[in-house]
Every structure is written in C-alpha cells, then in structure tokens.
Amino acid sequence: KQFDNAIADARTVLNTDVNSTAALSLLSQAYVETGEMDLATDTLRRLEHLAPTDVDVRLRLASLLAEKSPNAALEQLDAAMTLRPDAIELAVQKADYLIRIGQPEKAEIIAAGLVKDPKYAGSGYRILGETALARADYAGAIDELAKAQGAGESFSAVAPVMVAAY
C-alpha cells in the first residue's frame, strides 16, 4: 500500500514537472519494490537521460538489467566507472558482476589491480579466489581466500566461496 501511494505521489509530481528527477527516482524505486521491473527499468532509462552523470542511476540501472541484459548492465557499470574513475568500489562491483555472468577471466584482471591497494586487497584476493574456483582450481581458490581474510575481507564475504572450494 505504501508503495502504491509513492507511485501515485510521484505520478502527481510528474504531471506538473515531467523532468522531476526526484519523482522519477522515487517512482523507479517504488516500481522495484512492487516487482514492476520493466516499469522500473523504463523509468530509470528516463532518469538516465535527464541525469547522465548520476552514478547512482547507472548502478541502479545496471542492477535491474543484470538478468535480462548482461551486456547492457556492463555498459552501465563501465559508464559509472568512467564518471568516477577514483571509486575503486565500482571496480569491485564490476568484478563481482563479471564472475556472476561467467566472465571470471575479466574479473581476474580487475582483481590483480585491486590487490595492489591495501584498502581493497581483501576484495581483490576474494575475487581471485572466486576466479580460481571458476577454473576448478580448488587449492588456488583456498589459498587466495586465505589471503583475502588476511587482508581484512570479511568472513561473510569469504565463507560461501570457501565452502564451495571444499
């Protein structure tokens, strides 16, 4: 019910200001919450057109596109990384996504750079562990995951991969 009200309120605002980025953002999120993924995607596309430099819009759109259109999702992640090249967490997110869509070799390239930065080394080693697991290199995966924990990656991030490696 609350999301139906949010949709109605956003539409009311859009009736008077078709370019209201706040209303479009609210509307897209309400559509997600009500399971209207196609409407959410269409709304975010509109928002992307109005705010092409908004990294959050790009990331939300990538998330929605991930299942139906992996390449379009990657384009959104790449655009976000171009807009914020200093945001290393976007590289982590892209590497995680690449693993999910079956492109661990590309994720491995990103991870190799991450391990050089002490702040992101744990994530880098975790990603290397996942890429080793994708190659069925179980010993390599366990080794990389141990490095990930040693570099500060959380147990909750490492544990599912570690279990799969055993």
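To be clear, the structure that these remarks concern was listed above.
Residues numbered from 1 in each chain as written. Predicted model: local features only at pLDDT ≥ 70, side-chain atom pairs only at ≥ 80, totals over all residues. Heavy atoms only, no water.

## Some details on the overall build of the chain
Then comes step 1: Within the chain, the secondary structure is distributed over ten helices and zero strands.
Then comes step 2: N-terminal to C-terminal, the α/β element order of the chain is α-α-α-α-α-α-α-α-α-α.
Then comes step 3: Among the 166 residues that make up the chain, the fraction classed as buried is 44%.
Then comes step 4: For the chain, long-range pairs separated by at least 24 residues make up 41% of all intrachain contacts whose partners lie at least 6 apart in sequence.
Then comes step 5: When the accessible surface of the chain is split by element, carbon and sulfur atoms take 53% of a total near 9,000 Å².
Then comes step 6: One way to put it: in the chain the 16 positive side-chain charges average out to a point 2 Å from where the 24 negative ones average out. (Helix = DSSP H or I, 4+ residues; strand = E, 2+ residues; numbered from the N terminus. Buried < 20%, exposed > 50% of the residue type's maximum accessible area, 1.4 Å probe, protein only. Contact = heavy atoms within 4.5 Å. Areas by Shrake-Rupley, 256 points an atom, 1.4 Å probe, with all protein chains shown as cover. Lys, Arg positive; Asp, Glu negative; His and termini not counted. Charge placed at Lys NZ, Arg CZ, Asp CG, Glu CD.)

## Section: the packing of helix 8 (residues 121–134) against helix 10 (residues 155–165)
Then comes step 1: The contact between helix 8 and helix 10 brings their axes to 10 Å, and the two run at 20°. Classified by the interaxial angle, the pair formed by helix 8 and helix 10 is roughly parallel. Seen from above, helix 8 lies across helix 10 with left-handed handedness. Contacts between helix 8 and helix 10 involve Arg126, Gly129, Glu130 and Leu133 from the former and Ala157, Val161, Ala164 and Ala165 from the latter.
Then comes step 2: Of the residues belonging to the contact of helix 8 with helix 10, the class tally is five nonpolar, one polar and two charged. (Axes fitted to C-alpha atoms, helices over the stretch in contact; angles between N-to-C directions. Parallel < 35°, antiparallel > 145°, perpendicular 65-115°, else oblique. Left-handed = near helix turned anticlockwise from the far one by under 90°. Nonpolar A, V, L, I, M, F, W, Y, C, P; charged D, E, K, R; others polar.)

## What about the nonpolar core?
Then comes step 1: In terms of nonpolar packing, the biggest core is built from 40 residues, with Leu114 and Ile127 touching the most fellow members.
Then comes step 2: Mapped by element, the contributors of at least two residues to this core are helix 1 (2–16), helix 2 (21–33), helix 3 (37–50), helix 4 (55–65), helix 5 (70–83), helix 6 (88–100), helix 7 (104–114) and helix 8.
Then comes step 3: Discounting chain neighbours no more than four positions away, the residues touching isoleucine 127 are Val92, Ala95, Asp96, Ile99, Ala107, Ala111 and Leu114. (Core = buried A, V, L, I, M, F, W, Y, C linked by side-chain atoms within 4.5 Å.)

## Things to note about the side chain of glutamate 144
Then comes step 1: Of note, glutamate 144 is situated in helix 9 (residues 138–150).
Then comes step 2: When neighbours within four sequence positions are excluded, glutamate 144 is seen to be in contact with Tyr125, Leu128 and Gly129.

## Examining unusual backbone geometry
Then comes step 1: The backbone of alanine 136 sits at a positive phi, close to 65°, despite the residue not being glycine.
Then comes step 2: Position of alanine 136 among the secondary structure elements: in the loop between helix 8 and helix 9.

## So, the pattern of salt bridges
Pairing between side chains of opposite charge can happen when the charged atoms of each approach one another.
Then comes step 1: Enumeration according to the criterion identifies 13 salt bridges in this entry.
Then comes step 2: Put simply, glutamate 144 and lysine 147 hold a salt bridge, and the shortest N to O gap is 3.8 Å. Here glutamate 144 and its partner lysine 147 are both found in helix 9, three residues apart, which amounts to about one turn of the helix.
Then comes step 3: Accessibility expressed as a relative area gives 17% for glutamate 144, which makes it buried.
Then comes step 4: A residue is classified by how much of its surface remains accessible, and lysine 147, at 36% relative accessible area, is partly exposed. (Salt bridge = Lys/Arg side-chain N within 4 Å of Asp/Glu carboxyl O.)

## A look at the environment of proline 85
Then comes step 1: Mapping proline 85 onto the fold places it in the loop between helix 5 and helix 6.
Then comes step 2: Expressed as a C-alpha distance, the spacing of proline 85 and alanine 107, which sit 22 residues apart in the sequence, is 17 Å.

## Observations concerning the layout of surface pockets
Then comes step 1: Put simply, the largest pocket is a space of about 150 Å³.
Then comes step 2: Considering the residues around the largest pocket, the lining is formed by Met37, Asp38, Thr41, Leu64, Leu65, Glu67 and Lys68.
Then comes step 3: Of all the elements in the fold, those that place two or more residues in the lining of the largest pocket are helix 3 and helix 4.
Then comes step 4: It is helix 3 that provides the largest number of residues to the lining of the largest pocket, a total of three residues. (1 Å grid on protein atoms, 1.4 Å probe; cavity = no way out; pocket = protein on both sides within 12 Å on 5 of 7 lines; lining within 4 Å. Points joined across faces, edges and corners; volume = space filled by probe spheres on them.)

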